[in-house]
Amino acid sequence: MLGVVVLFLLIRGCGGDQEPETPHPTELGYPEAPEQQLPETTGQEAGDVPITELVEPEWVSETAQRTGVPQRAVAAYAGAAAYIEETDSECGIGWNTLAGIGQVESVHGHHGGSSIEADGEVSPEIIGVPLDGSEGVMEIPDTDGGELDGDEEWDRAVGPMQFIPETWYQYAQDGNLSGEADIHQYDDAALTAAVYLCASGDDLTDDRGWNDAVTTYNQSVEYANDVARHSEEYAEAAS
């Protein structure tokens, strides 16, 4: 579930002109940034073809077999990482970080019995609980009139990468070049997540940047460590 960016700022002392000292994320219990793994690419140019066509099909198939991540989800995560590598190489996001988030957020589009169709659509649609401020969830009153999440009172996280409506409308991407961004289509959702994470963390090869990015989804230390663990496991299995 998308949350608010955590700023790792801890002011030590209170002198007038004293700069605040910023502890390393690991001092606060957050993980080191996992290795960011990039896929093998086809040489096609980002924006000219759907993101899945940026990645070698054989690499996608082998990676899915080695990691246990559904092949259609691997194609989306890898395509999104390849797209960012061409368009915003300083971000450094790897397919495995997107996969780590996808695992925690929706079990790669399989939460609640859903599955990914060949065209990348996730069905049945995945829609989270109302964000009504009850125990364990944020309080976010409705921002979209229920257009994306079907709830006119509270926002809900939507799709395989679990975006709240306001964030989706701000960052939505058309990863499969269908002419529209679809929150339930895996290529669109994965590319939107990559763009959003890069905007939130700048350099995801850096411990601070990676944690700043990932905690836009959920502020908890446990969440960041869960995503890091899955990301590391996927990178190791795929190597």
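On to the environment of glutamine 71. Position of glutamine 71 relative to the elements: it lies in helix α2 (residues 71-87). Judged by relative accessible area, glutamine 71 falls into the partly exposed class, the value being 43%. Separated by 11 residues in the primary sequence, glutamine 71 and valine 60 place their C-alpha atoms 6.5 Å from one another. Ignoring anything within four residues of it in the chain, the contact list for glutamine 71 reads Val60, Ser61 and Ala64.

Here the focus is the nonpolar core. Core analysis: the biggest nonpolar cluster contains 55 residues, and Tyr77, Ile93, Trp95, Met161 and Tyr217 have the highest contact counts within it. Only α1 (57-67), α2, α3 (95-106), α4 (165-171), α5 (186-201), α6 (207-214) and α7 (221-238) provide two or more residues apiece to this core. Counting residues per element, this core draws most heavily on α2, at 10 residues. Every residue in contact with tryptophan 95, bar those within four places of it in the chain, is listed here: Gln37, Trp59, Thr63, Thr67, Val74, Tyr77, Ala78, Ala81, Tyr234 and Ala238.

With that settled, the discussion passes to the packing of α2 against α5. For the pair α2 and α5, interaxial distance at closest approach is 8 Å and the crossing angle is 40°. For the element pair α2 / α5, the angle class is oblique. Here the hand of the crossing between α2 and α5 comes out right-handed. For the pair formed by α2 and α5, the contact residues are Arg72, Ala73, Ala76, Tyr77, Ala80, Tyr83 and Ile84 on the first element and Tyr186, Asp187, Ala190, Leu191, Ala194, Val195 and Cys198 on the second.

Enumeration according to the criterion identifies 8 aromatic pairs in this entry. Ring centres 5.6 Å apart and planes at 80° place the aromatic pair tyrosine 77 and tyrosine 186 in the edge-to-face group. Of this pair, tyrosine 77 sits in helix α2 while tyrosine 186 is found in helix α5, placing the two residues 109 residues apart along the sequence. By the burial criterion, tyrosine 77 is buried, and tyrosine 186 matches it. In this structure an aromatic cluster arises from ring pairing among Phe163, Trp168, Tyr171, Tyr196 and Tyr217.

Reading guide: rules and limits
- Residues numbered from 1 in each chain as written.
- Predicted model: local features only at pLDDT ≥ 70, side-chain atom pairs only at ≥ 80, totals over all residues.
- Heavy atoms only, no water.
- Helix = DSSP H or I, 4+ residues; strand = E, 2+ residues; numbered from the N terminus.
- Buried < 20%, exposed > 50% of the residue type's maximum accessible area, 1.4 Å probe, protein only.
- Contact = heavy atoms within 4.5 Å.
- Core = buried A, V, L, I, M, F, W, Y, C linked by side-chain atoms within 4.5 Å.
- Axes fitted to C-alpha atoms, helices over the stretch in contact; angles between N-to-C directions.
- Parallel < 35°, antiparallel > 145°, perpendicular 65-115°, else oblique.
- Left-handed = near helix turned anticlockwise from the far one by under 90°.
- Phe/Tyr/Trp six-rings, centres within 6.5 Å; stacked < 30°, edge-to-face > 60°.

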